[in-house]
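# Survey of secondary and tertiary structure
Letter by letter, the chains look like this.
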Amino acid sequence: FSVSCALSYAIQKKADIINLSLGYYGQPDPILEHYLNLCSSSIPSIEVFAAAGNIPNQHSSANLCNNHFNNNELTAKRLFYPACVSTQFTNITAVTQLNSADRQCFYQNFSHQFVTVGIFDRTNCCAIKVAFLGHNPGYFEGSSFATPVASGLKMEAMLQSATTASAFWNSLIKINTSPQVTVQGKYIEYDPIWP
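Just so it is clear, the model here is predicted, and its values are computed rather than measured.

Right, let's talk about the state of the cysteines for a bit. The final tally for this structure, using the stated rule, is 2 disulfides. Between Cys105 and Cys126 runs a disulfide, and the two sulfur atoms are separated by 2.1 Å. The sign of the -95° torsion about the S-S bond sets the Cys105-Cys126 disulfide as left-handed. Here Cys105 is found in the loop between strand 6 (103-104) and strand 7 (117-121), whereas its partner Cys126 is found in the loop between strand 7 and strand 8 (128-130), with 21 residues between them in sequence. Cys84 forms no disulfide, and the closest cysteine sulfur to it belongs to Cys105, at a distance of 17 Å.

Okay, here's the thing in structure tokens:
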């Protein structure tokens, strides 16, 4: 209910981008889909970035960079919403973080069918450096931390001139032809810059 209300508010205020660093396993929710459809049918459509999700239970920091398969692939029998509606709407980008250009993170969901793009942080394996006001930067793992990186880069692209915005965004997207852990092997190399 809260997420649907927030989407309604963002639509009414004509948001350009919505970051959904959240989600759930289970069945699609028709009310959530209604608001995602409104985002898609807005003119211009509202870009929605959704976290691909993580496997439940506790995550050991010792395993973050583990390259082995951990049963965290999204499939028709294992869906995470709203990320998995990325196949229904062209304005929804499902995001995960990658261990390398062609490897999933041990705890984060991946899929060559549902996950639109991966974030490959060249300086940190499967964790994003985050600084909160008044606190020293720390490293946090999970697709909910990779998703704002993608949505922030998309916003940076949108702030370019109308003639260069699309070209700038497309220049960020790289494609890996190895075993694909995202749709068409798409990923963005990210190198955080700290003052």
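Moving on, there is more to tell.
The topology assignment puts Ser111 in the loop between strand 6 and strand 7. For the pair Ser111 and Glu73, spaced 38 residues apart in sequence, the C-alpha separation works out to 5.5 Å. Ser111 has contacts with Glu73, Leu74, Val181, Thr182 and Val183, leaving out every residue within four places of it along the chain. Polar side-chain contacts of Ser111 include one of 3.2 Å to the backbone oxygen of Leu74. Within the local environment of Ser111, its side chain forms a polar contact with the backbone nitrogen of Phe114, the two atoms lying 2.9 Å apart.

Okay, the environment of Ala10 next. Along the chain, Ala10 falls in helix 1 (residues 2-12). When the C-alpha atoms of Ala10 and Gln58 are compared, they prove to be 33 Å apart, with 48 residues separating the residues in sequence. Discounting residues that sit within four places of it in the chain, Ala10 has contacts with Ala15, Ile18 and Ile46.

Now for the environment of Thr147. Tracing the backbone through its elements, the reader meets Thr147 in helix 3 (residues 143-158). A C-alpha to C-alpha distance of 7.1 Å links Thr147 and Asn19, two positions 128 residues apart in sequence.

Before going further, it helps to examine helix 2 (residues 30-41). Taking 1.5 Å per residue as the helical rise, helix 2 with its 12 residues ought to reach 16 Å, and the 16 Å between its terminal C-alpha atoms agrees with that figure. Buried residues belonging to helix 2 abut helix 1, strand 1 (17-20), strand 2 (24-25), strand 3 (47-51) and strand 5 (92-100).

Contact geometry of helix 1 with helix 2 gives a least axis separation of 9 Å together with a crossing angle of 15°. For the element pair helix 1 / helix 2, the angle class is roughly parallel. In this structure, helix 1 meets helix 2 at a crossing whose hand is left-handed. Along its contact with helix 1, which presents Val3, Ser4, Leu7, Ser8 and Ile11, the element helix 2 presents Ile31, Leu32, Tyr35, Leu36, Leu38 and Cys39. The class makeup of the residues in the contact of helix 1 with helix 2 is 9 nonpolar, 2 polar and no charged.

Further remarks concern unusual backbone geometry. Note the cis peptide between Ile43 and Pro44, where omega equals -10°. At the junction of Tyr81 and Pro82, the peptide bond is cis and its omega measures out at 10° in the coordinates. Phi at Gln184 takes a positive value of approximately 55°, unusual for a residue other than glycine. With respect to the helices and strands, Gln184 occurs in the loop between strand 10 (173-175) and strand 11 (186-190). By relative accessible area, which is 48% here, Gln184 ends up partly exposed.

This part takes up the nonpolar core. The biggest cluster of nonpolar side chains holds 24 residues, and the ones touching the most others in it are Leu7, Ile18, Leu20, Leu36, Cys39 and Val48. For Leu20, the contacting residues outside a window of four places in its chain are Val3, Leu7, Leu36, Val48, Phe49, Ala50, Ala51, Pro82 and Thr147. By size, the runner-up hydrophobic cluster in this structure holds 16 residues, among which are Val95, Val117, Ile119 and Trp169.

This paragraph deals with the pairing of strand 3. On any regular strand, side chains alternate: one points to one face of the sheet, the next to the other face. Across the 5 residues of strand 3, 5 count as buried, placing the element largely inside the fold. Alternating residues of strand 3 divide into Glu47, Phe49 and Ala51 and Val48 and Ala50, and every residue in both groups is buried. Bridge analysis of strand 3 against strand 5 gives 4 bridges, and the strand direction is parallel. Bridging from a neighbouring strand, Val48 pairs with Ile92 of strand 5.

What counts as what
Residues numbered from 1 in each chain as written. Predicted model: local features only at pLDDT ≥ 70, side-chain atom pairs only at ≥ 80, totals over all residues. Heavy atoms only, no water. Disulfide = S-S within 2.5 Å. Helix = DSSP H or I, 4+ residues; strand = E, 2+ residues; numbered from the N terminus. Contact = heavy atoms within 4.5 Å. Polar contact = N/O pair within 3.5 Å; in protein donor to acceptor, adjacent residues only side chain to side chain. Expected span 1.5 Å × (residues − 1). Axes fitted to C-alpha atoms, helices over the stretch in contact; angles between N-to-C directions. Parallel < 35°, antiparallel > 145°, perpendicular 65-115°, else oblique. Left-handed = near helix turned anticlockwise from the far one by under 90°. Nonpolar A, V, L, I, M, F, W, Y, C, P; charged D, E, K, R; others polar. Buried < 20%, exposed > 50% of the residue type's maximum accessible area, 1.4 Å probe, protein only. Core = buried A, V, L, I, M, F, W, Y, C linked by side-chain atoms within 4.5 Å. Pairing = 2+ DSSP bridges.

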